[in-house]
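# Secondary and tertiary structure notes
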Amino acid sequence: MQTAQNSRNGNSPTPRIAIIGAGVCGLGIGWRLAAAGCTVDAFDQGEPGRAASWAAAGMLAARAEVEPGEETLLDLNLKAQEIWPGFVAELESASGLPVDYRDDGTMIVALTRDDAEALRFTYDLQKRLDLDVDWLSGIEARQREPFLSPNVTAGIYSPGDHQVDNRKLVIALQRAFEAAGGAVHAQTTIRAIDIAEDRVRGVVAANEESDDIHHAADVVVLAAGAWSRDIDGLPTELRPPVRPVKGQMLSLRMDADAPLLRHVVWPPGVYLVPRNDGTLIIGATVEEKGFDGDLTAGGMLDLLRDTWEALPGITELSVDEMWVGHRPTSRDDAPILGPTGVEGLIMATGHHRNGILLTPITANGVSRYILEGVVDPAIEPFTLDRFAKRRGKRARPAPDGKLGVVS
Ligand code: GLY
């Protein structure tokens, strides 16, 4: 087992932690560590939490998002879902701010016969995986959501798939992190991770005022989302295989007192997330276009057409906002968490479609490793070395007990 002394300077009474990326995962880890007495600095190239964390819809949807062959990820997602209510209570108390966690449940609906067949396939998969979901007729779906189109012919109801307002989550996490003594460095780019003799020494930062400030740290947490791969100083084999997957989204304004929807609803090709204040989030395209940030007519057309077919009442709603986000997607769509072959270098990236859902378990698992040296069984299958194993390499303990990689 790797120990905390392996992952940081054992002589330091208050470990110095540098977190690259102040999104929800970086802030969540930082909050836990600062609350435990560590000195924590979180760096963000923009404003904290304004990249993928802000662009997300806040769905906590382990069951609705399940894909064939992703049982290990499902397990992590379900564990994350279980701890969400406790995490919300703790965060709202620490920050004094609401995050609008809602447990109305999620519905996936079908419009055509083909959709219904695809939905039946999803339902059979969910049932095989022992997930708590119910099949709905079209009438039952409309009993739950009366404004759905009469063309809705079937649905799945997942009572355990919930939602949180991810933007409120960002604000609350930043507040809790700073209240615990953590420092956020906005508009500060990490140019390089300083690694010498197989252990981290800190990071090299740059902002508007100055270039190349060396910031010493015993532990560096790489939580830079889609930007995690290209930071100087990382040995090639420790560059996480994470790429940006573009998503276009928009929001409409409903009457908060008479919303068109109460559940999160997934019609074919789109998902709809109603917020307490009447915002209706509509997402999202899935595009392999790197960091392209353009909103396109085609993207908006697809989202609005797919929404309108299931929920015709949207024609009267005003458009609030349109935006683009970049999912941090790993080679196997699962997150990359925990220790690496470099002492003190810790990963918390690659969360793909599940960054908000996985925030509490990432915060708990990664901070536990840093504080106690224990790789939590929940995150153990998600360490970086799984990719080396798949390439025919195997992980081996280095002489000092760290994970290393041999061909
Ligand atoms: N989890 C929703 C999305 O990635 O669009």
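My aim in this report is to walk through the structure given alongside it, one point at a time. (Residues numbered from 1 in each chain as written. Predicted model: local features only at pLDDT ≥ 70, side-chain atom pairs only at ≥ 80, totals over all residues. Heavy atoms only, no water.)

### As for the sheet that holds strand β12 (residues 219-222)
One open sheet holds the six strands; their spatial order is β8-β2-β1-β12-β19-β18, and the pairing between them is mixed. Only two strands of the sheet have a single partner each, and these edge strands are β8 (183-185) and β18 (336-339). Each adjacent strand pair in this sheet contributes to an overall mean axis angle of 20°, direction not counted. Across five bridges, the pairing between strand β1 (residues 16-20) and strand β2 (residues 39-43) is parallel. Residue R16 lies in a different strand from β2, and its bridge partner there is T39. Lying over the sheet, helix α7 (residues 166-179) contacts β2 and β8, oriented at roughly 125° with respect to β8. (Pairing = 2+ DSSP bridges. Helix = DSSP H or I, 4+ residues; strand = E, 2+ residues; numbered from the N terminus. Axes fitted to C-alpha atoms, helices over the stretch in contact; angles between N-to-C directions. Contact = heavy atoms within 4.5 Å.)

### A look at the pairing of strand β15 (residues 271-274)
The side-chain alternation of β15 yields two buried faces, one formed by Y271 and V273 and the other by L272 and P274. Here four bridges tie β15 to strand β16 (residues 279-283), and the two strands are oriented antiparallel to one another. Residue L272 lies in a different strand from β16, and its bridge partner there is I282. (Buried < 20%, exposed > 50% of the residue type's maximum accessible area, 1.4 Å probe, protein only.)

### Observations regarding the packing of aromatic side chains
This model, assessed by the stated rule, comprises six aromatic pairs. Ring plane angle 25° and centroid distance 4.7 Å describe the contact between W227 and F291, whose orientation is recorded as stacked. Placement of W227 in the loop between β12 and β13 (242-253) and of F291 in the loop between β16 and α8 (297-310) is noted, with a sequence separation of 64 residues between them. Its relative accessible area of 32% is what places W227 among the partly exposed residues. Take F291: its relative accessible area is 38%, and that puts it in the partly exposed class. Joined through ring pairs, the aromatic side chains of W31, W84, F87 and Y101 make up one cluster. Note that R50 overlies the ring of W54, its terminal NZ or CZ placed 4.0 Å from the centroid. (Phe/Tyr/Trp six-rings, centres within 6.5 Å; stacked < 30°, edge-to-face > 60°. Lys NZ or Arg CZ within 6 Å of the ring centre and 35° of its normal.)

### Looking at helix α2 (residues 24-35)
Between its first and last C-alpha atoms α2 spans 16 Å; for 12 residues at 1.5 Å apiece the expected length is 16 Å, and the two agree. Among the 12 residues in α2, 11 count as buried, and that is most of the element. Restricting attention to buried positions, one finds in α2 the residues V24, C25, G26, L27, G28, I29, G30, W31, R32, L33 and A34. Positive phi shows up at G37, right after α2, with a value of about 100°. (Expected span 1.5 Å × (residues − 1).)

### Let's talk about unusual backbone geometry
Excluding glycine, most residues fall at negative phi; most peptide bonds, likewise, are trans. Looking along the chain, the bond that leaves G283 and enters A284 is cis, with omega of -20°. In this structure, A284 sits in the loop between β16 and α8. Of note in this structure, Q187 is not a glycine but carries a positive phi near 50°. Topologically, Q187 is positioned in the loop between β8 and β9 (189-196). Taking relative accessible area as the criterion, Q187 reaches 44% and is therefore assigned partly exposed.

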